[in-house]
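Observations on the three-dimensional arrangement
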Amino acid sequence: MLNLANADLLKSQALIGGKWIGGAGQFPVTDPSTGQMIASVAECGAAEAEQAVLAAQEAFVSWRKTTAKERSAHLRAWHAEILANQEDLAQILTAEQGKPLAEARGEIAYGASYIEWFAEEAKRTYGETIPGPSADKRPITIRQPVGVVACITPWNFPNAMLARKIAPALAAGCTVICKPANETPLSAFALAALAEKVGIPAGVINILCGKTDEIGLALTRSNIVRKLSFTGSTAVGKLLSAQCAETLKRTSMELGGNAPFIVFDDADLDEAVKGAIICKFRNAGQTCVCANRIYVQEHVYNSFVAKFSKAVERLKTGDGRSANVEIGPLIHARALQGVLSLISDAVSHGAEVKIGGELHSAGEAFLSPTVLTNVTNEMRITQQEIFGPVATVVKFSLEEEVVSMANDTEYGLASYIYTRDIGRAWRVSEALEYGMVGVNEGIISNEMAPFGGIKHSGHGREGSAHGLDDYTEIKYICFGGLDK
């Protein structure tokens, strides 16, 4: 049972039009560390989704008319309230998602940083004054909100992914309907409760979960919803994109990854090991930007593997609420079985389990942190997103060779390079077919930088000064007859 300082944060109903409502049924939310039920949550479907769309449309009429300064004030107040309740929000997050409390606290602060950033950016939705084509004309542009926005978020960052989408939408003057993952809805409801507390008007934020297919279809087919922002798998992203095509919705897609982590022979190996550990094993490897393939140049391969393996062995696995735990459970036992299948396939094709590779005694959703060596680029484990605490190490010889191997994937989200050669850093960064590159850095995401990928990793950018682009329309206005 959760012991929260603010018990009002633990909500189990949908928020639609400013009212907390039940659904046609209920479904359980369980703790992946223990398997115990945390809450029974309202199971919504198409009817509730359509109700949420109408509520968002009604709220949009007035919300779009608020000044940028007013919207900024609402977001700043929400940001402050989130930080004031950081510990409770972290407890909820760890209970439903499993990540260690230290990481959960970090996620709350990370998500809040986007709300703070877009509170500031709300006042910078500038238009343009364009030189006229003739003396009697003055062209200008203004930016206006897209309209009602649908947000669909995953279970691995249930707080931050939602904040990262809601904040720019509200800053631009849009209203939202949010569909969090059914595994982790409690964090979303808690965020909404705090938004309600600080006076964000009814209907501006609507949150529901339950029958995923029904809700998704209701949102994608709606002519009222003008934009859909999705973070999740590439397969689901393609399906949603196809569904949105019928109504020509604007879409933002932050999809799967297969990040290369390249260590050249001139790299600082100790720093590369530190970067690889935090990049690979954060959230038990359940991140779309974590190192999926670690490429190490042949002259330092053995040294890196030895240092890296020792560091992995020191990682403490267990319930995220226990002291000093660094690796929590996978989201459920089914996910663990999928990761074990990838390990088994790699071993059958010649990979060697350096450490780990087996179930951990902490529970049925726990996997011991694992390092695989003698891995090749042809194995299934290097071609698919692992989404677990498994590091694959691949040996390479030449710069051109590793760039080719790194780009040999349909994905293009995040990538990482460790080298002290500035020329190489520039060459490889430009050659990598990825939306983001970390040079001598394993954690690259922050609210000031544009987050997003290319190829089958999606399109659009979240965060940064570009983060409002997908939530606004540019309107051109031409004033004529000004010479009379």
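Residues numbered from 1 in each chain as written. Predicted model: local features only at pLDDT ≥ 70, side-chain atom pairs only at ≥ 80, totals over all residues. Heavy atoms only, no water.

Some remarks on the environment of serine 322
Checked against the element boundaries, serine 322 lands in the loop between α10 (301-313) and α11 (333-348). Residue classification places serine 322 among the partly exposed positions, given a relative accessible area of 37%. Put simply, serine 322 and leucine 101 are 221 residues apart on the chain and 8.3 Å apart in space, counted from C-alpha to C-alpha. (Helix = DSSP H or I, 4+ residues; strand = E, 2+ residues; numbered from the N terminus. Buried < 20%, exposed > 50% of the residue type's maximum accessible area, 1.4 Å probe, protein only.)

Remarks on the environment of serine 368
By secondary structure assignment, the location of serine 368 is in the loop between β14 (352-355) and β15 (370-373). For the pair serine 368 and histidine 349, spaced 19 residues apart in sequence, the C-alpha to C-alpha distance is 21 Å. Apart from residues no more than four positions distant in its own chain, serine 368 is found in contact with Gly356, Gly357, Glu358, Leu359, His360 and Pro389. (Contact = heavy atoms within 4.5 Å.)

Some remarks on the pattern of salt bridges
The tally for this structure, following the rule as stated, stands at 20 salt bridges. Among the salt bridges present, the one from glutamate 121 reaches arginine 124, with a minimum N-O distance of 3.2 Å. Residue classification places glutamate 121 among the buried positions, given a relative accessible area of 9%. Lysine 165 is paired through a salt bridge with glutamate 462; the nearest N and O atoms lie 2.7 Å apart. With lysine 165 in helix α5 (residues 160-172) and glutamate 462 in the loop between β19 (458-459) and β20 (472-479), this pair connects stretches of sequence that are 297 residues apart. (Salt bridge = Lys/Arg side-chain N within 4 Å of Asp/Glu carboxyl O.)

Re the environment of threonine 129
Mapped onto the secondary structure, threonine 129 falls in strand β5 (residues 128-129). Exposure remark for threonine 129: the relative accessible area of 71% places this residue in the exposed category. Linking threonine 129 and threonine 141, residues 12 residues apart in sequence, is a C-alpha distance of 6.7 Å. Dropping the residues within four chain positions of it, threonine 129 is found in contact with Pro139 and Ile140.

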